[in-house]
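# Observations on the three-dimensional arrangement
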Amino acid sequence: MKTQRLLVVLTVINFGLLVFLLAQTRLHIGAQGVRVWTNIDGSVLRGRALEIIDDQGRVRAAINVHPADQVHAYPDTAILRLIDQNGRPSVKLATSERGGGLALVSDTEGTYVQLTGRELTVTKDGRRQAIP
């Protein structure tokens, strides 16, 4: 009789876990308390990073969150990179507590345009010109 009760309890627990997983329910226990949310329609993709690759397996686009670097005084930053077939980022879009920035890089080494909330910087052949 005890074995049968144990099997019934395990079956109920397994069924509960199955419903929990099929409903795509997330449970987070943190400093703010317990949070439960669902993604039933599948409209949200959650992760720590995203990479899009081409047919040869090369990364062509990436979204990453870089943690703060105390040594170089860099804040926590989220970056979107669009990468050419040679592996060079051609477009960078970033945001941090310092504000956002956009960089457009040409195929010529040392030539790019960088736009931030503070200024527009044009660098051509390694010579930098800031436009406030």
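Our structure's up above, just so we're on the same page.
So, a few notes on the structure that sits alongside this text. (Residues numbered from 1 in each chain as written. Predicted model: local features only at pLDDT ≥ 70, side-chain atom pairs only at ≥ 80, totals over all residues. Heavy atoms only, no water.)

## Thoughts on the overall build of the protein
- Helix and strand counts for the protein come out as one helix and ten strands.
- Taking 14 Å as the expected radius of gyration for a compact globule of 132 residues, we find that the protein reaches 24 Å, considerably beyond that expectation.
- Taken along its principal axes, the extent of the C-alpha atoms in the protein is 85 × 40 × 30 Å.
- A buried classification covers 12% of the 132 residues belonging to the protein.
- Excluding contacts between residues fewer than 6 apart, the proportion of contacts in the protein whose partners are at least 24 apart in sequence is 4%.
- Accessible surface for the protein amounts to roughly 10900 Å². Of this, 59% is attributable to carbon and sulfur atoms.
- The centroid of the 16 positive side-chain charges in the protein is displaced by 9 Å from the centroid of its 12 negative side-chain charges. (Helix = DSSP H or I, 4+ residues; strand = E, 2+ residues; numbered from the N terminus. Rg over C-alpha atoms; globule rule 2.2 N^0.38 Å. Buried < 20%, exposed > 50% of the residue type's maximum accessible area, 1.4 Å probe, protein only. Contact = heavy atoms within 4.5 Å. Areas by Shrake-Rupley, 256 points an atom, 1.4 Å probe, with all protein chains shown as cover. Lys, Arg positive; Asp, Glu negative; His and termini not counted. Charge placed at Lys NZ, Arg CZ, Asp CG, Glu CD.)

## Observations concerning the pattern of salt bridges
- Throughout the structure, instances matching the rule amount to three salt bridges.
- In this structure, the salt-bridge partner of arginine 58 is aspartate 54, at a minimum N-O distance of 3.0 Å.
- Using a relative accessible area of 36% as the deciding quantity, one classes arginine 58 as partly exposed.
- In this structure aspartate 54 comes out as buried when scored by relative accessible area, which is 16%.
- A salt bridge links glutamate 119 to arginine 128; the nearest nitrogen and oxygen atoms lie 3.1 Å apart.
- With relative accessibility at 57%, the residue arginine 128 sits in the exposed group.
- Ionic contacts of the salt-bridge type, sharing partners, join the residues Asp54, Arg58 and Arg60 into one network. (Salt bridge = Lys/Arg side-chain N within 4 Å of Asp/Glu carboxyl O.)

## Brief notes about the layout of surface pockets
- Of the volumes computed, that of the largest pocket is approximately 880 Å³.
- What lines the largest pocket is a set of 33 residues, and nearest its centre among them are Thr77, Ala94, Gly101, Gln114 and Thr116.
- If you list the elements that add at least two residues to the lining of the largest pocket, you get β5 (77–83), β6 (89–96), β7 (99–105) and β8 (112–116).
- Residues of the lining of the largest pocket, tallied by class, amount to ten nonpolar, 14 polar and nine charged. (1 Å grid on protein atoms, 1.4 Å probe; cavity = no way out; pocket = protein on both sides within 12 Å on 5 of 7 lines; lining within 4 Å. Points joined across faces, edges and corners; volume = space filled by probe spheres on them. Nonpolar A, V, L, I, M, F, W, Y, C, P; charged D, E, K, R; others polar.)

## What to know about the sheet that holds β5
- Strand order across the open sheet formed by eight strands is β3-β4-β5-β6-β7-β8-β9-β10, with antiparallel pairing between neighbours. Of all the strands in the sheet, the pair left with one neighbour each is β3 (49–53) and β10 (127–131). Taking the axes of each pair of neighbouring strands and ignoring which way they run, one obtains an average angle of 10° across the sheet. (Pairing = 2+ DSSP bridges. Axes fitted to C-alpha atoms, helices over the stretch in contact; angles between N-to-C directions.)

## Quick word on the environment of leucine 102
- As for its position among the elements, leucine 102 is in strand β7.
- Its relative accessible area of 30% is what places leucine 102 among the partly exposed residues.
- Sequence separation between leucine 102 and lysine 92 is ten residues; the distance between their C-alpha atoms is 5.7 Å.

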